[in-house]
Amino acid sequence: MAKYTYPAIFTPEDKGAFSVYFPDLEGCYTCGDTLADALFMAEDVLAFTIYDYERSGRPIPVPSTAKNLSTEAGEFINLIACDTMKYRKLHSNKAVKKTLTIPEWLNESATLANLNFSQVLQEALIAKLQI
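Residues numbered from 1 in each chain as written. Predicted model: local features only at pLDDT ≥ 70, side-chain atom pairs only at ≥ 80, totals over all residues. Heavy atoms only, no water.

Describing the packing of aromatic side chains
By the definition in use, this model includes 5 aromatic pairs. Ring centres of Phe10 and Phe76 lie 5.0 Å apart, and the angle between their planes is 10°; this geometry places the pair in the stacked category. Of the two residues, Phe10 is situated in strand β1 (residues 3-12) and Phe76 in strand β4 (residues 76-83); the sequence distance between them amounts to 66 residues. Clustering of aromatic rings is evident, with ring pairs tying together Phe10, Phe18 and Phe76. Over the aromatic face of Tyr53 sits the side chain of Arg58, whose NZ or CZ is 4.0 Å from the ring centroid. (Phe/Tyr/Trp six-rings, centres within 6.5 Å; stacked < 30°, edge-to-face > 60°. Helix = DSSP H or I, 4+ residues; strand = E, 2+ residues; numbered from the N terminus. Lys NZ or Arg CZ within 6 Å of the ring centre and 35° of its normal.)

Focus: the pairing of β1
Buried residues dominate β1, accounting for 7 of its 10 residues. Where β1 lies against β4, 8 bridges are found, and the strand directions are antiparallel. Considered in β4, the bridge of Lys3 is made with Asp83. A loop of 5 residues connects β1 with strand β2 (residues 18-21), the two strands running antiparallel in sequence, and Lys15 in this loop sits at a positive phi of about 60°. (Buried < 20%, exposed > 50% of the residue type's maximum accessible area, 1.4 Å probe, protein only. Pairing = 2+ DSSP bridges.)

Given below as C-alpha cells:
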C-alpha cells in the first residue's frame with residue numbers, strides 16, 4: 001500500500017482517442033476518448049492493477065525507465081502515478097463484520113458512555129496504522 005509511478009505508452013487512435021498500456025504490468029491496458037480521459041483512465045487502471053498485485057501477494061515489478069522503452073511512430077511515453085491506499089479507500093469501503101473480545105468492565109463502561117464500538121475501533125486502527 002503505497003504510491004507508485006510507472007511509464008505508460010500512449011498510442012493515438014481515431015477521432016482523438018488514445019490507447020494506453022503499461023509495459024511493466026501484465027494485462028494493464030486502457031483507453032480514453034481524449035488525452036485527458038486517457039490520462040485519468042491510466043491512473044485508475046494502474047491503481048487497480050497494483051492493488052490487485054498487493055491483495056494477491058504477487059511481487060510488484062520494478063518500473064522501467066522511460067529511456068529504456070521504445071515507441072512506434074506517433075506514440076509517446078508518460079509517467080503515471082497512483083496511490084493504492086487512496087484507491088482502497090475509494091473502492092473497498094464495504095463494511096466487514098469482526099468479532100472481538102474485550103473485558104466485561106470495559107464493555108460496560110463503553111456502553112454507559114454510549115460509545116459506538118465500530119467507530120472507536122476504526123479510529124484506533126487508523127491511528128495505529130497511521131493511514
